[in-house]
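Coordinate inspection notes
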Amino acid sequence: MENTPDLELIVRELNAQHGAHGNSAATLVLDRWLEMLIERAGSDLLLVPGAPPSILVEGTVRNLEAGILEGPDIEAAIVPALNAHALEVYRKKLIADSSYRIHGLGRFRINLHRERGRAAAAVRALPTKVPALAELHLPPSVEALSRLARGLVLIGGPAGSGKSTTLAALVNEINRRDSRHIVTIEDPIEYEHSHLRSVVEQVEIGTDAPDFPSALRAALRQAPDVIVVGEMRDPETMRIAVAAAETGHLVLSTLHTIDVASTVSRICDSFPPERQNTIRQELAMALAAVLTQILLPSKMGGRFPAAQLLMIAYGARQHIRHNALQHLNQEITITKRKGSFTLEESLAKLVATGHIEKEDALVCAIHPEDLEILLKSEAKAHTA
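Overview of the structure.

1. Topic: the sheet that holds strand E10 (residues 226-229)
As summarised here, the arrangement of the seven strands in space is E9-E8-E10-E11-E7-E12-E13, forming an open sheet in which the pairing is mixed. The outermost strands of the open sheet, each flanked by one partner alone, are strand E9 (199-204) and strand E13 (303-311). Across the sheet, the mean angle separating the axes of adjacent strands is 15° when strand polarity is ignored. Note that strand E8 (residues 181-186) and E9 share six bridges and pair parallel. Bridge pairing links Val183 to Glu201 in E9.

Following this line, the structure appears as structure tokens:
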């Protein structure tokens with residue numbers, strides 16, 4: 001296994017080598033790669049040992065014109081760009097996130113980690129503008145989530161499915177429309193919000209607070225109307241977020257999950273067995289909505305989101321209390337008047353409007369047979 005070198009020594013040696021007074025010279029190679037990422041309209045820079053630096057463009061991996069990287073090359077490029085908190089976390093846990101800014105180019109989120117005993121990294125370009133919700137092409141009823149007065153709203157989806165973008169767009173909708181106090185807690189901050197009709201405080205883990213639970217406890221003392229937790233990472237954060245939603249706050253957060261049932265299950269299963277029944281009762285009371293989404297390649301270039309939404313009502317609360325999560329999908333159908341919709345309904349509309357291919361939709365559907373029926377119905381409606 002590759003040994004983890006002394007990280008401060010790496011920084012000192014690189015700075016001495018370049019005659020720098022700080023970390024800027026040591027990150028020149030990283031800056032060059034990120035310039036290429038932006039020039040080629042990529043979303044992520046991938047640095048993996050045994051491969052050249054690569055970028056993701058509309059979900060496709062493309063290699064940059066550079067040599068094969070090894071773990072020490074990646075640490076030499078990335079470590080000087082980490083903030084002090086991330087450097088300390090990486091030293092102790094071998095995985096860390098940090099924000100990074102290049103003047104005139106933009107902001108980036110760095111994830112430095114290990115794979116097969118070697119350093120690897122993923123660097124994401126962070127948007128300069130908060131998107132309007134209408135720009136995301138999500139079903140119209142998603143907008144109702146920004147009008148909730150209280151409760152817990154969970155946004156699920158795999159990595160790279162646009163969860164953070166949807167979260168930011170919902171915050172922007174509230175900020176543009178309502179006079180509220182919004183506190184966001186992120187690691188790192190992805191979208192920077194201006195104060196519009198609302199006051200928006202943005203707390204970055206590692207810079208403004210040591211961890212999510214500490215930041216969340218502090219936020220509750222700041223009289224917020226809306227609390228945004230960038231990601232539910234640990235049981236303590238989940239516990240405080242559920243309690244905050246129960247006591248009258250609107251709490252929005254994300255999870256790496258694939259559907260409504262797995263999103264609810266992820267929260268409950270994060271706790272020890274003896275605590276799970278209690279958290280189910282609390283979650284059943286606090287939960288207001290669960291949205292999950294995926295991104296699919298568009299026939300016109302780019303990617304389009306397909307989603308499912310469950311607006312929580314009495315039936316869903318009972319299923320959560322009794323751990324009968326397999327019945328949540330039928331609750332989507334029962335609560336359509338509240339704005340709920342299935343993934344298959346979302347996919348069928350995208351196929352019918354010519355945005356995505358039918359084959360891509362069928363691969364992503366949870367219930368392909370339901371999608372086939374909906375597609376036939378959409379086809380009849382268009383020919384009628």
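So much for the structure itself; the text now carries on.
2. A look at the layout of surface pockets
Estimated volume of the second largest pocket: approximately 390 Å³. Taken together, 18 residues line the second largest pocket, and the ones lying closest to its centre are His85, Val89, Lys93, Asp187 and Arg233. Breaking the lining of the second largest pocket down by element, the ones donating at least two residues are helix H4 (84-93), strand E4 (96-102) and helix H6 (212-220). Top contributing element to the lining of the second largest pocket by residue count: H4, with six residues. For the lining of the second largest pocket, the class distribution of residues is eight nonpolar, two polar and eight charged.

3. Quick word on the nonpolar core
Counting residues in each nonpolar core, the largest one holds 40 residues, and the members touching the most others are Leu152, Ile185, Val251, Val264, Leu283, Leu287 and Leu328. Tallying contributions element by element places helix H7 (residues 235-246) first for this core, with six residues. Not counting residues up to four positions away in its chain, the partners in contact with Leu328 are Val260, Ala261, Val264, Leu310, Ala316, His319 and Ile320. The next biggest cluster of nonpolar side chains, apart from the first, holds 30 residues, and it includes Leu30, Ile74, Ile78 and Leu82.

4. Quick look at H4
Those residues of H4 that fall on the buried side of the exposure criterion are Ala86, Leu87 and Tyr90. Along the long axis of H4, the arc covered by the buried residues comes to 105°, so they all point the same way. Turned more than 90 degrees away from the buried face of H4 sit Ala84, Lys92 and Lys93, all of them exposed. Between a side-chain oxygen at the N-terminus of H4 and the backbone nitrogen of His85 the separation is 3.2 Å; the capping residue is Asn83. Leu94 sits one or two positions beyond H4 and adopts a positive phi of about 65°.

5. Some details on the sheet that holds strand E6 (residues 118-126)
Sheet strands pair by backbone hydrogen bonding; their relative direction is either parallel or antiparallel. Read from one edge to the other, the open sheet built from six strands follows the order E3-E2-E1-E6-E5-E4, with strand pairing classed as antiparallel. Looking at which strands have only one partner, the edges of the open sheet turn out to be strand E3 (60-63) and E4. Within the sheet, the average angular offset between the axes of one strand and its neighbour, ignoring direction, is 25°. Across seven bridges, the pairing between E4 and strand E5 (residues 106-115) is antiparallel. Bridging across to E5, Tyr100 finds its partner in Phe108. Strands strand E1 (44-47), strand E2 (54-57), E4, E5 and E6 of the sheet are contacted by helix H2 (residues 28-39), whose axis makes an angle of about 135° with E1.

About the cut-offs
Residues numbered from 1 in each chain as written. Predicted model: local features only at pLDDT ≥ 70, side-chain atom pairs only at ≥ 80, totals over all residues. Heavy atoms only, no water. Pairing = 2+ DSSP bridges. Helix = DSSP H or I, 4+ residues; strand = E, 2+ residues; numbered from the N terminus. Axes fitted to C-alpha atoms, helices over the stretch in contact; angles between N-to-C directions. 1 Å grid on protein atoms, 1.4 Å probe; cavity = no way out; pocket = protein on both sides within 12 Å on 5 of 7 lines; lining within 4 Å. Points joined across faces, edges and corners; volume = space filled by probe spheres on them. Nonpolar A, V, L, I, M, F, W, Y, C, P; charged D, E, K, R; others polar. Core = buried A, V, L, I, M, F, W, Y, C linked by side-chain atoms within 4.5 Å. Buried < 20%, exposed > 50% of the residue type's maximum accessible area, 1.4 Å probe, protein only. Contact = heavy atoms within 4.5 Å. Arc of directions from axis to C-beta. Polar contact = N/O pair within 3.5 Å; in protein donor to acceptor, adjacent residues only side chain to side chain.

Keep in mind these values describe shape, not function.
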